[in-house]
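Here is how the chains run, residue by residue.
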Amino acid sequence: MQDDLCYLSATEAITRFKSRQLSPVELMRALIERAEKVEPLINAFTDEYFDQALKQAKTAEKRYLGKGDKPRPLEGIPVAIKDEYLVKGQRTTYGCSVFENYIADSTTPCIERLLEAGAIIHARTTTPQFSMLTVTHSPLWGVTRNPWNLEYTCGGSTGGSAAALAAGTTTLAPGWDMGGSIRVPASCCGVVGFKAPFGRIPDDVPENYDSHIANGSMARTVADCRLMENIMAGPHPLDIVSIRPKLTIPANLDDIQGWRIAYSLDLDYCEVDPEVIANTKAALEVFRSLGCTVEEVSLGWSWKTLEASYAHMRHSAGNVLAEWLGDEREGVAPYVQDFLEDAKNASTQDEITSNEIAGEMYATLGPVLDQYNVFICPTTALAAVPAEYDPSKDKPQINGVEVEPYVGWVMTYPFNVMGRCPVMTVPSGHVKSGVPTGIQIVGKPYDDISVFRAAAVYEKVRGWLDTAERRPSL
């Protein structure tokens, strides 16, 4: 019963709160007890606010009992916030000792909205240093492990949040995605991750001006991602690029019978593990069984897509990090030092190159999206790399071929280069190691609803984490 509470969806928890079948205090206690058991194994939390969270849960309980103000949309729901977001009065370390004692004096807009809706922060979660990696470990917080197999990574950069969702130590978690930071860990941990299109969810300056960056939601169900999306999205007075009018994802999503779905197993250039391919094909069969026409397409992409991503990151994130750190290098991870060294020669031409390649990429993806309802491909080319994997020295191989060490094992960054496309990752199965795999459902620019429709219908057939047998055996 206790573990069932830990895996309860936010949508169901709110229903039980309202009917007084469950108290926010009971849910919070269950998650805290679960965390005390599994945190020594997975190491997903940085700071814990358990005592404060229980007090807030008691206040939420009173609201549901009719004592005080009316319950808000997320009243009493536990949420874990990655150690990158700003929360006024809480520290944000970015996984680096340089910022170990940094206390934020403002709150990131999307987090502010979750809190205003009644969500309760009970923990902050681990990230790689400055969120600059697709695995999660940092000199400050150590290694975060995959709940399904502790030898493997939980993914990154929102790795601690994904691990917490899979391990049953949080109910919801927002995420931030510049190259796959929501979708990669969601895939590695067998949960749902949605990267909203650029401008849908407001952000802080200067991140809000970067079209490669998007906020989004992470949860164990599509309905919970919808719940978060509807609260976080919408125009904000401090974010000029936030989109108006606000888009609301409906609770009742229509079926997709008769849809045309395009897919690619390798994006025409990636080495992809056979187990990932097999799981992707099985997921595509689900869509066929739902009455969809599913057809393979060629995009004509190449490793130039990676150059588009890197060129942009060198020019943008490289300059920002260099300014933050100055000459300080003590406590800076080797993978961050590698990136800073590479970014030293960043120029305006990098941004021009990135945009030119992005145009070439969309010249083939755009017509596909015009003919089909959604596009599907694997989320990662390899289910996961080892938990301690360090791309500054390790060289991954797929099918006996050495691939680019930083992101050569993932397939997410192309859709950051074309940041207007909404993308959701949902589980597609497991590999022999026990680690989950995922597929990406890509929609037309700003067509979030179609992505949610496809994911929700797929979830009804291929449920995950909804029974004890479908959860990590921690």
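The present account deals with the structure reproduced in this document. If you're wondering where the values come from, they're calculated on a predicted model, not measured in any experiment.

### Digging into empty space enclosed by the protein
Summed over all chains, the structure comprises 1 cavity of 30 Å³ or more. Space inside the largest cavity adds up to approximately 90 Å³. Forming the walls of the largest cavity are 16 residues, and the residues nearest its centre are Phe198, Gly199, Ile201, Asp203 and Ile213. In the lining of the largest cavity, the residues fall into 8 nonpolar, 3 polar and 5 charged.

### So, helix H13 (residues 348–371)
For H13, which comprises 24 residues, the first-to-last C-alpha distance of 35 Å matches the rise-based estimate of 34 Å (1.5 Å per residue) to within 8%. Maximal helix bending in H13 amounts to about 30°, located at Tyr362. Among all positions in H13, only Asp350, Glu351, Ser354, Ile357, Ala358, Met361, Leu365, Gly366, Val368 and Leu369 are buried. The secondary structure elements touched by the buried residues of H13 are strand S11 (260–263), helix H10 (304–315), strand S13 (374–378), helix H14 (414–417) and strand S17 (436–442).

### Some remarks on the sheet that holds strand S3 (residues 120–125)
Backbone-to-backbone hydrogen bonds pair the strands of a sheet. The strands run either parallel or antiparallel. On the basis of which strands lie adjacent, the open sheet formed by 3 strands has the order S1-S3-S2 and mixed pairing. Two strands close off the open sheet at either side, each with one partner strand: strand S1 (45–48) and strand S2 (78–82). Averaged over all neighbouring strand pairs, the angle between strand axes comes to 35°, with direction disregarded.

### A closer look at a nonpolar patch on the surface
Nonpolar side chains collect at one region of the surface, where Val205, Tyr209 and Ile240 lie side by side and expose about 370 Å² of accessible area between them. For Ile240, the location among the structural elements is in the loop between helix H8 (222–232) and S11.

### A look at the pairing of S2
Counting buried residues in S2 gives 5 out of 5 residues, a clear majority hidden from the surface. Of the two faces of S2, the one holding Pro78, Ala80 and Lys82 and the one holding Val79 and Ile81 are both buried throughout. Pairing of S2 with S3 involves 5 bridges; the strand directions are parallel. Opposite Pro78, over in S3, you have Ile120 as the bridge partner. Once the chain exits S2 it traverses helix H5 (residues 109–116) before rejoining the sheet at S3, and the crossover so formed is right-handed.

Conventions and cut-offs
- Residues numbered from 1 in each chain as written.
- Predicted model: local features only at pLDDT ≥ 70, side-chain atom pairs only at ≥ 80, totals over all residues.
- Heavy atoms only, no water.
- 1 Å grid on protein atoms, 1.4 Å probe; cavity = no way out; pocket = protein on both sides within 12 Å on 5 of 7 lines; lining within 4 Å.
- Points joined across faces, edges and corners; volume = space filled by probe spheres on them.
- Nonpolar A, V, L, I, M, F, W, Y, C, P; charged D, E, K, R; others polar.
- Helix = DSSP H or I, 4+ residues; strand = E, 2+ residues; numbered from the N terminus.
- Expected span 1.5 Å × (residues − 1).
- Bend = angle between axes of the 7 residues up to and from the residue.
- Buried < 20%, exposed > 50% of the residue type's maximum accessible area, 1.4 Å probe, protein only.
- Contact = heavy atoms within 4.5 Å.
- Pairing = 2+ DSSP bridges.
- Axes fitted to C-alpha atoms, helices over the stretch in contact; angles between N-to-C directions.
- Patch = residues over 30% accessible without salt bridge, like charges linked within 9 Å, V, L, I, M, F, W, Y side chains within 5 Å.
- Areas by Shrake-Rupley, 256 points an atom, 1.4 Å probe, with all protein chains shown as cover.
- Salt bridge = Lys/Arg side-chain N within 4 Å of Asp/Glu carboxyl O.
- Right-handed = clockwise from strand over helix to strand, strands pointing away.

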